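What follows is the residue order along each chain.
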Amino acid sequence: LAFHLARAAGQAVHLAGNIGVPALDLLDADPAELAVVELSSYQIADLETGPEVAVLTSLFREHLDWHGTEEAYRAEKLRILALPGVRVAVLNGRSESLDQAPRGPQVELAAYGVPGGWDLTSRGIELRGELALASAELPLPGEHNALNLCGALAALEAYGVPPPPLPEALRGFEPLPHRLETIAEEDGILWVDDSISTTPESTLAALASFPEREIVLIGGGQDRSQDYAGLAGELARRGAMLVGLPSTGSRLVAAARSAGVPPERAVEATDMETAVAIARELAAPGAVILLSPAAPSYDHYRDFEDRGERFRALAELR
């Protein structure tokens, strides 16, 4: 989003890191040109110099298999805010976990999602109380994606890029695959690929993106010691159905049943093919069959893209 909006504003801009080209490819780029770089906590852990504008959207329990403890993960991700070179920290003002994030003494704070900056209201996206983009014109589903747009706009403003005209600047924006991607609709049933989801919190955001529709969730994957209690409670509250995939699917199904989901509406599957077949049987017209695993994919797939493509292929089978 930040890359697309920067180009729409007439900036020379590069997209690099975990999205776009490898960051090392930018070593010979003109230093006057803007670079939008997506970094993982692994990369931040030993980074020596920070970006001019550091953006953090959320901070949830994740990657404990690599960082060792939740405390180490949080510390190594948050250290980007205090690195030399950082001028502005752009933080999600609605994230309680970022409220007290330590930052360097000379680092200015730019919060979004709160009054006074780029904010999300019932009308849409506002800038200091003035409507900038109506709700009907938002390019992506879900409150979290609308907040992501606020974050992208706040980051560009912090860098000194004037906000491009909205909604014109969003025309032609193509969302990345496997992120709440609608892949099929048949017999009144919507098939949605959110394979990028590797945490319970991201799956909760996906569920919230379809507030009025019945959900059949396909979830489960590599075990990273995630706590499924909150997700299970939301599944019970929504009256959702669940099909659990190995390896954590059994834990997720058990948590859902403990939270009140009836056993016949929370079942395990041995693989994706079986899960999709069960989901077809459970879903009624108007439902959403949602692959949002709340877990990584490496126990059975090359990566989340591979998992999503397998889901797409099965969903498109008639």
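Source: prediction; values computed, not measured.

Concerning the side chain of S41
- Tracing the backbone shows S41 in helix α2 (residues 41-44).
- For S41, a relative accessible area of 5% translates into the label buried.
- If sequence neighbours within four positions are ignored, S41 has contacts with H63, H67, Y73 and K77.

Concerning the packing of aromatic side chains
- All told, the structure shown has 1 aromatic pair when counted by the stated rule.
- An angle of 50° between the planes, with centres 5.9 Å apart, marks the rings of W191 and F311 as tilted. A residue pair is termed long-range when its members are at least 10 positions apart, and W191 in strand β10 (residues 189-193) and F311 in helix α10 (residues 304-315) qualify at 120 residues. F311 carries the same exposure label as W191, and that label is buried.

Let's talk about the nonpolar core
- Membership of the largest hydrophobic core comes to 30 residues, with the highest contact counts inside it found for L5, V90, Y112, W118, I125, L149 and L166.
- No other element matches helix α5 (residues 143-159), which puts 10 residues into this core.
- Contact partners of V90, with chain neighbours within four places excluded, come to V53, A54, V55, L56, A110, Y112, G151, A154, A155 and A158.
- The next biggest cluster of nonpolar side chains, apart from the first, holds 24 residues, and it includes V243, V267, A269 and I289.

Structural notes on the environment of G151
- When you line up the elements, G151 lands in helix α5.
- Owing to a relative accessible area of 4%, G151 belongs among the buried residues under this scheme.
- Considering only alpha carbons, one finds G151 and A32, 119 residues apart in sequence, at a separation of 22 Å.
- Among all residues touching G151, those that are not within four sequence positions of it are V90 and Y112.

Things to note about the pairing of strand β7 (residues 124-127)
- As paired elements, strand β6 (residues 118-120) and β7 share 3 bridges and run antiparallel to each other. Following the sheet pairing, L120 is matched in β7 by I125.
- What sits between the antiparallel neighbours β6 and β7 is a turn of 3 residues.
- As paired elements, β7 and strand β8 (residues 130-134) share 4 bridges and run antiparallel to each other.

Quick notes on the sheet that holds strand β3 (residues 53-56)
- Within the open sheet, the 3 strands sit side by side as β3-β4-β5. Their pairing is parallel. Among the strands making up the open sheet, the edge pair consists of β3 and β5 (108-112). Averaged over all pairs of adjacent strands, the angle between their axes in this sheet comes to 20°, without regard to strand direction.
- Relative to strand β4 (residues 88-92), β3 runs parallel, the two being bridged by 4 bridges. If you follow V55 over to β4, its bridge partner there is V90.
- Across the sheet, α5 touches β3, β4 and β5, and the angle it forms with β4 is around 165°.

Comments concerning the pattern of salt bridges
- Applying the stated rule across the entire model yields 14 salt bridges.
- Ionic pairing is found between D303 and R302, a salt bridge with its closest N-O pair at 3.3 Å.
- Using a relative accessible area of 17% as the deciding quantity, one classes D303 as buried.
- Taking the relative accessible area as the measure of exposure, R302 reaches 59% and is therefore exposed.
- With a closest N to O distance of 4.0 Å, D306 and R302 form a salt bridge.
- When its relative accessible area of 25% is taken as the criterion, D306 is described as partly exposed.

What about the side chain of N92?
- With respect to the helices, strands and loops of the structure, N92 is situated in strand β4.
- Judged by relative accessible area, which is 10%, N92 ranks as buried.
- There is a polar contact of 3.1 Å between the side chain of N92 and the backbone oxygen of T57.
- Ignoring sequence-local partners within four residues, the contact set of N92 consists of L56, T57, L98, Y112 and L147.

Looking at the sheet that holds β8
- In spatial order, the strands read β6-β7-β8; together these 3 strands make up an open sheet with antiparallel pairing. Two strands lie at the open edges of the sheet, namely β6 and β8, each paired on one side alone. Across the sheet, the axes of successive neighbouring strands diverge by a mean angle of 30°, strand direction being ignored.
- Strands β6, β7 and β8 of the sheet are contacted by α5, whose axis makes an angle of about 170° with β6.

Overview of the packing of helix α7 (residues 229-238) against helix α8 (residues 249-259)
- For the pair α7 and α8, interaxial distance at closest approach is 8 Å and the crossing angle is 55°. The pairing of α7 with α8 is recorded here as oblique in orientation. By crossing handedness, the relation of α7 to α8 is classed as right-handed. Touching L231, A232, G233, L235 and A236 of α7 are L252, A255, A256 and A259, all from α8.
- For the contact of α7 with α8, the per-class residue count stands at 8 nonpolar, 1 polar and no charged.

Conventions we followed
- Residues numbered from 1 in each chain as written.
- Predicted model: local features only at pLDDT ≥ 70, side-chain atom pairs only at ≥ 80, totals over all residues.
- Heavy atoms only, no water.
- Helix = DSSP H or I, 4+ residues; strand = E, 2+ residues; numbered from the N terminus.
- Buried < 20%, exposed > 50% of the residue type's maximum accessible area, 1.4 Å probe, protein only.
- Contact = heavy atoms within 4.5 Å.
- Phe/Tyr/Trp six-rings, centres within 6.5 Å; stacked < 30°, edge-to-face > 60°.
- Core = buried A, V, L, I, M, F, W, Y, C linked by side-chain atoms within 4.5 Å.
- Pairing = 2+ DSSP bridges.
- Axes fitted to C-alpha atoms, helices over the stretch in contact; angles between N-to-C directions.
- Salt bridge = Lys/Arg side-chain N within 4 Å of Asp/Glu carboxyl O.
- Polar contact = N/O pair within 3.5 Å; in protein donor to acceptor, adjacent residues only side chain to side chain.
- Parallel < 35°, antiparallel > 145°, perpendicular 65-115°, else oblique.
- Left-handed = near helix turned anticlockwise from the far one by under 90°.
- Nonpolar A, V, L, I, M, F, W, Y, C, P; charged D, E, K, R; others polar.

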